[in-house]
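The residues making up each chain are set out below.
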Amino acid sequence: MTGSLTAHDAQCRDFWAALCPQLSIDGDADALPAAVGETDPLLVTLKREGYIRVPDALPEAAVAPIRDAVSTLFRLGIPLPFAFVYDQLWLAFQGLSAFLTAVLGDGYRALPDFWVWHVNPDDNATGWGPHRDRVIPTLDADNSPHTLTVWLPFTDATPLNGCMYFLPAHLDDRFQQRRWDGADNTVVYNPQNIRAVPATAGSVMAWNQAILHWGGRASRLGDAPRISAAFEFQRADRPALNSPLLDPGRLPTFGERLGLIGKQVLQYRHMYPLGDDVAAIATSLVERFMPGTAVVPVGNSTSAGMAAAF
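What counts as what
- Residues numbered from 1 in each chain as written.
- Predicted model: local features only at pLDDT ≥ 70, side-chain atom pairs only at ≥ 80, totals over all residues.
- Heavy atoms only, no water.
- Helix = DSSP H or I, 4+ residues; strand = E, 2+ residues; numbered from the N terminus.
- Buried < 20%, exposed > 50% of the residue type's maximum accessible area, 1.4 Å probe, protein only.
- Contact = heavy atoms within 4.5 Å.
- Expected span 1.5 Å × (residues − 1).
- Pairing = 2+ DSSP bridges.
- Core = buried A, V, L, I, M, F, W, Y, C linked by side-chain atoms within 4.5 Å.

You'll find the protein entered in an unreviewed UniProt entry as Phytanoyl-CoA dioxygenase (PhyH), with Mycolicibacter terrae given as the organism.

Printed below as a string of structure tokens:
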């Protein structure tokens, strides 16, 4: 087992319902639209800077239960992607449909790439290192993205608990060269171009998958952990970058969620080394609920896939 999770518990709806009773599983709740405001200015910023940040997009009433659930999983040593067994994680991203449609077009799809983080305010805690989410072309000539990473903080993300850092697109020579791979693709030649981007709980942040970014080092001076989740999306008119592509407007069934969670644990195992027990649980979930699905490692600076430094 890992922490308090056994192979039996992982597949038991009653276990998850009792663990976080403030959240639901396979409920009939509708997503509340996120308050992102006018999308046209966000698109202008996204094309120039490579990322956007919208404060106060999600209400505290939606953020607090998720924050508490992730804290519970962290305390019990349960892999954090299991938070996606609950409706509320899916609904939080569904509430961004208007914004995502504006960026990626009608019929956009969700990729089977998501994660959850709990970074303690501790000198030894960090986000992932500098990287680009994908090193294949994912942008039009005007920097309109084919794919997007969306990141939701459920606590305040600050320089003292590892907030996000970016090399803005317009300050990155690679955006002029249209060159994303290579051994030097994480080099920053002028550190003054680096931008720290704190975000309050309930904010929405999103970025194209070519921008250089990372999570900072946390500090014992921080007031609270940084708790967050991310999901990837892509345009419908582009080849699938991972499979299976998901209908972002539909809540997956309990079994589908377990299969997808198992896939996340396995495909990011090079970022989070697994014990044999965790790997066995994840493998059993994929084999039972997503038979025949390939699990390919993703999330580094030299291969396609999400590698968000959360």
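### Description of the environment of Pro 244
Note on placement: Pro 244 falls in the loop between strand 8 (226–234) and helix 8 (254–267). Judged by its relative accessible area of 31%, Pro 244 is partly exposed. C-alpha separation for the pair Pro 244 and Met 290, spaced 46 residues apart in sequence, amounts to 9.3 Å. Contacts of Pro 244, omitting those with residues within four sequence positions, involve Pro 112, Met 290 and Thr 293.

### Points about helix 8
Helical geometry: 3.6 residues make up each α-helical turn, so side chains three or four residues apart lie on a common side. Here helix 8 is 14 residues long and its end C-alpha atoms lie 20 Å apart, about the 20 Å a rise of 1.5 Å per residue gives. Counting buried positions along helix 8 gives 13 out of 14 residues, so the element sits mostly inside the fold.

### Focus on the pairing of strand 2 (residues 109–119)
For strand 2, a buried count of ten out of eleven residues is recorded, marking the element as mostly surrounded by other parts of the structure. Two elements, strand 2 and strand 8, share eight bridges in a ladder whose sense is antiparallel. Within strand 8, the position partnered with Phe 114 by the bridge is Phe 231.

### Some thoughts on the nonpolar core
Of all hydrophobic cores here, the largest spans 64 residues; its most connected members are Trp 16, Phe 82, Phe 84 and Val 150. Tallying contributions element by element places helix 8 first for this core, with six residues. Those residues in contact with Trp 16, other than ones at most four positions away along the chain, are Leu 5, Asp 9, Ala 10, Ile 25, Leu 73, Ile 78, Phe 82, Val 85, Tyr 86, Phe 254 and Leu 258. Core analysis: the next-biggest nonpolar cluster, separate from the first, contains 26 residues, Trp 117, Ala 199, Ile 211 and Trp 214 among them.

### A closer look at unusual backbone geometry
Cis geometry marks the peptide bond from Ser 243 to Pro 244, where omega comes out at 5°. Residue Asp 56 is not a glycine yet carries a positive backbone phi of 55°. Along the chain, the position of Asp 56 falls in the loop between strand 1 (51–54) and helix 4 (60–76). Judged by its relative accessible area of 59%, Asp 56 falls in the exposed class. Unlike most non-glycine residues, Arg 178 shows phi in positive territory, near 55°. By secondary structure assignment, the location of Arg 178 is in the loop between helix 7 (173–177) and strand 5 (195–197).

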